[in-house]
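Single-letter residue listing:
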Amino acid sequence: MYKQLLLTEFANSRNLLLLALIANTFFLILMGARGQSLIAFMGVSMTVYWILLMTSAVIGAEEKRLQLYAQLPLTAAEVSYAIWFSILLWLGIHVCFWLLYGFMFEPEFTFNQAPEIASAAITMALFVVLISIGLDLGAFKPGYLRWLYFGSLAGLLGLAMNFGFSVGLLATDDGLQIYPLALLADGWSATLIAIVILAIALAADHLIYINSDHYLR
Amino acid sequence: MAVLEISQLTKNYQTFSLGPIDLALDAGCAMGLIGANGAGKTTLFRCLMGTVRRDHATITIDGKSAIHTQGLWKQQIGYVGDYTPLFGGWSGKRNLATIAPFYPDWSQERAEQLAGRLNLDLNQKVKHYSTGQRAKLAIILALSHSPKLLLMDEPTSGLDPVSREVFMELLFEQMASERVALLYATHHISEIEQLADRLVFISNGRIVRDEIKEDLAETWRRVSYQHDQPLADIPNVMSHKSDPPYHELISDNAEITMRFLSDSGVGGIESSRLSIEKIAVQILRETAEETHHV
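As the structure is a computational prediction, the values presented were derived from the model and not from experiment.

> Explanation requested: the overall build of chain B in the structure shown.
Scanning chain B from N- to C-terminus turns up nine helices and 14 strands. Across its three principal directions, the C-alpha atoms of chain B cover 70 × 40 × 35 Å. At a minimum sequence separation of 6, the contacts of chain B that also span at least 24 residues come to 67%. Summed over its atoms, the accessible surface of chain B is roughly 13300 Å², and 46% of this surface lies on carbon and sulfur atoms. Averaged over its 29 positive side-chain charges, chain B has a centre that lies 10 Å from the centre of its 37 negative ones.

Right, here's the structure in full:
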């Protein structure tokens with residue numbers, strides 16, 4: 001069932017995946033030719049990812065798709081795994097482009113920069129998971145749970161920014177940049193922390209999803 | 001053997017509670033589920049399909065426990081709900097091809113045959129389908145994988161009269177050719193009047209009557225009699241109209257009612273059969289009044 005489910009997911013977002021490949025290739029050539037930094041390319045690539053992911057949710061009618069899956073001989077857990085697998089694999093394609101950009105256009109680029117790239121990707125994934133948790137809470141009663149969650153997130157973000165912490169996505173002169181979850185000098189520590197937080201957030205979203213009333217979406 | 005067994009099914013919302021529901025449905029049996037709007041029919045179907053979580057229930061479908069941590073039991077169900085989510089940007093054919101691999105007993109030949117009989121163009125994109133055409137595709141999805149249990153929740157809403165008739169023929173054929181159990185909810189009682197063996201009445205989230213259709217048709221009668229005044233305390237009377245000396249009542253046990261009238265010495269006692277639709281309406285009225293009084 002997983003195989004068929006994954007094939008359905010990819011078939012559903014095939015055109016957008018193609019668009020992601022084209023957009024990444026286009027910006028890779030354009031920004032590489034202009035000599036722009038890897039971090040700037042990552043920012044643009046992540047913006048492409050985010051826009052296409054949101055487009056996929058709307059055009060791909062994610063809610064309807066999930067309702068259909070709820071009627072098919074599948075468990076909510078299988079659906080949850082398949083959706084996250086495809087979302088993260090999609091992000092993986094973008095990460096491949098970042099590595100390619102580094103090797104092609106940054107002479108001093110080495111695998112020592114892998115933690116930076118990894119924590120940027122994980123932070124992006126975490127951002128998607130945090131939004132998904134809010135959306136999945138919408139399948140619960142009472143309905144204000146979702147807004148309580150988003151309100152709390154906004155409050156935390158405000159507090160963090162007020163106290164000078166860099167959180168998530170920030171726009172800079174070089175484009176949209178990603179700051180890892182913690183401003184740690186040691187890249188691997190930041191990556192490790194990011195992985196743990198991502199795993200917790202994914203588990204939370206999975207639990208929320210498999211315990212929700214899918215038809216209420 | 002029961003294809004569907006429901007024990008103590010409950011689902012509570014803030015403003016509505018379903019159950020506890022206990023129900024068993026044998027292979028080859030067609031059960032009509034009748035209830036007013038908001039009675040709980042759709043919630044019952046959604047609980048059975050697992051599209052909403054039940055608060056409590058033990059449900060088996062063809063001997064398999066229908067629990068949310070497993071999905072394979074749904075392979076035995078053909079479901080047409082109030083709304084079938086489909087891939088709008090894809091053709092009907094592509095939708096069928098995508099969903100078919102989830103069912104090991106899927107028959108593409110059967111699907112195409114059904115599309116032909118329902119006059120549905122499978123090459124058209126689903127987003128261009130009308131409500132009726134979407135309903136037809138949902139029906140094809142439900143009937144193409146030889147399910148043992150058919151769950152039909154207002155399946156003909158949106159269908160034109162010809163398609164509705166074709167659909168009823170298809171259901172009759174399916175019921176006749178395979179040992180299928182059918183649970184069918186509709187407001188068009190004439191649809192299940194021919195098809196159903198049992199009629200279950202649901203009101204305010206609870207089953208209020210579970211009747212064999214033939215028994216219902218046999219015991220319910222319109223009884224008329226002549227008397228100066230309407231008699232009081234007539235047993236089993238569901239409704240009573242009087243225009244002395246003529247009186248007419250509906251009884252849910254005509255034998256007892258007529259014996260009482262006869263023993264009371266009234267004259268001109270006559271009885272006539274009632275249509276299932278008329279009986280169903282009477283039962284729904286009665287349950288609505290009871291709910292109102294509560």
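> Explain the interface of chain A and chain B here, please?
On the chain B side, the residues contacting the 24 residues of chain A number 28 residues. Joining chain A to chain B, the criterion identifies zero salt bridges. Taken together, the connections running from chain A to chain B amount to three residue pairs in polar contact (both at pLDDT 80 or more). Mapped by element, the contributors of at least two residues to the side of chain A that touches chain B are α1 (2-12) and α4 (62-71) of chain A. When residues of the side of chain A that touches chain B are assigned to their parent elements, the largest contribution, seven residues, is made by α4 of chain A. Of the residues assigned to the side of chain A that touches chain B, the class counts are 11 nonpolar, nine polar and four charged.

> Looking at this structure, how should I read helix α8 (residues 254-263) of chain B?
Note on helix geometry: an α-helix contains 3.6 residues per turn, so any two residues three or four positions apart are oriented the same way. Residue and element names in this part refer to chain B. Buried within α8 are the following residues: A254, T257 and L261. Taken around the axis of α8, the buried residues stretch over an arc of 70 degrees, which confines them to a single face. Facing away from the buried side of α8 by more than 90 degrees, the exposed set consists of E255 and D263. Those residues of α8 hidden inside the fold are in contact with α7 (213-219), β11 (221-226), β12 (237-243), β13 (246-251) and β14 (267-273). Looking one or two residues beyond α8, the residue adopting positive phi is G265, at roughly 80 degrees.

> Looking at this structure, how should I read a nonpolar patch on the surface?
A cluster of nonpolar residues, L18, L21 and I22 of chain A, forms a patch on the protein surface that exposes about 270 Å² of accessible area. You can see L18 of chain A is positioned in helix α2 (residues 14-33).

> I'm lost on the side chain of S86 of chain A in this one. Help?
Counting through the fold element by element, S86 of chain A comes out in helix α5 (residues 76-105). When residues no more than four places from it in sequence are discounted, the contact partners of S86 of chain A are E9 and F10 of chain A.

> How do you make sense of the environment of N37 of chain B when you look at a structure like this?
Residue and element names in this part refer to chain B. With respect to the helices and strands, the residue N37 is situated in the loop between β3 (30-34) and α1 (41-49). Remark: the alpha-carbon pair of N37 and P230, spanning 193 residues in sequence, is separated by 34 Å. A polar contact of 3.1 Å, which involves the side chain of N37, links it to the side chain of H187.

> Help me understand empty space enclosed by the protein in this model?
Gaps left between atoms are located by rolling a probe of water-molecule size over the structure's atoms. Per the stated rule, a full pass over the model turns up one cavity of 30 Å³ or more. Here the largest cavity defines a volume of roughly 150 Å³. Lining of the largest cavity is provided by 15 residues; of these, Q71 and L72 of chain A together with Y79, Y103 and L141 of chain B occupy positions nearest its centre. For the lining of the largest cavity, the secondary-structure elements that each account for two or more residues are α4 of chain A together with β6 (77-80) and α4 (131-143) of chain B.

> Any chance you could explain the confidence of the model for chain A here in plain terms?
Low pLDDT means the predicted atomic positions in that stretch should not be read closely. Residues and elements named next belong to chain A. On average, residues of chain A carry a pLDDT of 80, and 83% of them reach 70 or more. α2 holds the highest mean pLDDT among the elements of chain A, 92, whereas strand β2 (residues 175-178) holds the lowest, 44. Low confidence marks residues 169-178, where pLDDT is under 50. Its contacts with residues over four positions away, or in another chain, come to 20 contacts. Here residues 180-184 scores under 50 on pLDDT; set against residues more than four positions off or in separate chains, the count is 14 contacts.

> I keep staring at the sheet that holds β11 of chain B and nothing clicks. Help me out?
Hydrogen bonding along the main chain pairs the strands of a sheet, whether they run parallel or antiparallel. Residue and element names in this part refer to chain B. Read from one edge to the other, the open sheet built from four strands follows the order β12-β13-β11-β14, with strand pairing classed as antiparallel. Single-partner strands in this sheet number two, and they are β12 and β14. Ignoring strand direction, the axes of neighbouring strands in this sheet form an average angle of 15 degrees. Of the pairings in the sheet, the one linking β11 to β14 comprises five bridges and is antiparallel in character. Note that in β14 the partner of V223 across the bridge is S271. Its contacts with the sheet put α8 on β11, β12, β13 and β14, and the angle it makes with β11 is roughly 5 degrees.

> I tried to follow the domain arrangement of chain B on my own but got confused; where do I start?
The accessible area lost on association of the parts is a frequent measure of interface size. Residue and element names in this part refer to chain B. Taken domain by domain, chain B comprises domain 1 (2-215) and domain 2 (219-293). Contacts between the two partners involve 14 residues from domain 1 and, on the opposite side, 13 residues from domain 2. Summed over both sides, the interface between domain 1 and domain 2 buries roughly 1100 Å², with carbon and sulfur atoms accounting for 65% of that surface. Between R209 and E286 there is a salt bridge; the shortest N-O distance is 3.9 Å. Scanning the region where domain 1 abuts domain 2 turns up three residue pairs in polar contact (both at pLDDT 80 or more). Elements represented by at least two residues in the side of domain 1 that touches domain 2 include exactly α6 (189-195), β9 (198-203), β10 (206-212) and α7.

> In this structure, what is going on with the environment of M152 of chain B? I would like to understand it.
Residues and elements named next belong to chain B. Tracing the sequence through the fold places M152 in strand β7 (residues 149-153). The class of M152 is buried, set by a relative accessible area of 0%. Here the alpha-carbon distance between M152 and T42, two residues 110 residues apart in the chain, equals 9.7 Å. Other than its neighbours up to four places away in sequence, M152 contacts F45, G78, V80, A142, L143, F167, L171, L182, L183, Y184 and A185.

> Teacher, can you tell me more about the nonpolar core here?
Of all hydrophobic cores here, the largest spans 110 residues; its most connected members are W98 of chain A together with M152, L182 and Y184 of chain B. It is α5 of chain A that contributes the most residues to this core, 12 residues altogether. Dropping the residues within four chain positions of it, Y184 of chain B is found in contact with M31, G32, L33, M152, P155, T156, F167, M168, L171, E191, I192 and L195 of chain B. Listed in part, the 33 residues of the second largest apolar core include L4, A39, L151 and I202 of chain B.

Rules used in this analysis
- Residues numbered from 1 in each chain as written.
- Chains lettered and ligands numbered in written order.
- Predicted model: local features only at pLDDT ≥ 70, side-chain atom pairs only at ≥ 80, totals over all residues.
- Heavy atoms only, no water.
- Helix = DSSP H or I, 4+ residues; strand = E, 2+ residues; numbered from the N terminus.
- Contact = heavy atoms within 4.5 Å.
- Areas by Shrake-Rupley, 256 points an atom, 1.4 Å probe, with all protein chains shown as cover.
- Lys, Arg positive; Asp, Glu negative; His and termini not counted.
- Charge placed at Lys NZ, Arg CZ, Asp CG, Glu CD.
- Salt bridge = Lys/Arg side-chain N within 4 Å of Asp/Glu carboxyl O.
- Polar contact = N/O pair within 3.5 Å; in protein donor to acceptor, adjacent residues only side chain to side chain.
- Nonpolar A, V, L, I, M, F, W, Y, C, P; charged D, E, K, R; others polar.
- Buried < 20%, exposed > 50% of the residue type's maximum accessible area, 1.4 Å probe, protein only.
- Arc of directions from axis to C-beta.
- Patch = residues over 30% accessible without salt bridge, like charges linked within 9 Å, V, L, I, M, F, W, Y side chains within 5 Å.
- 1 Å grid on protein atoms, 1.4 Å probe; cavity = no way out; pocket = protein on both sides within 12 Å on 5 of 7 lines; lining within 4 Å.
- Points joined across faces, edges and corners; volume = space filled by probe spheres on them.
- pLDDT = per-residue confidence, 0-100.
- Pairing = 2+ DSSP bridges.
- Axes fitted to C-alpha atoms, helices over the stretch in contact; angles between N-to-C directions.
- Domains from an automatic or database assignment.
- Buried area = accessible area lost by both parts, 1.4 Å probe.
- Core = buried A, V, L, I, M, F, W, Y, C linked by side-chain atoms within 4.5 Å.

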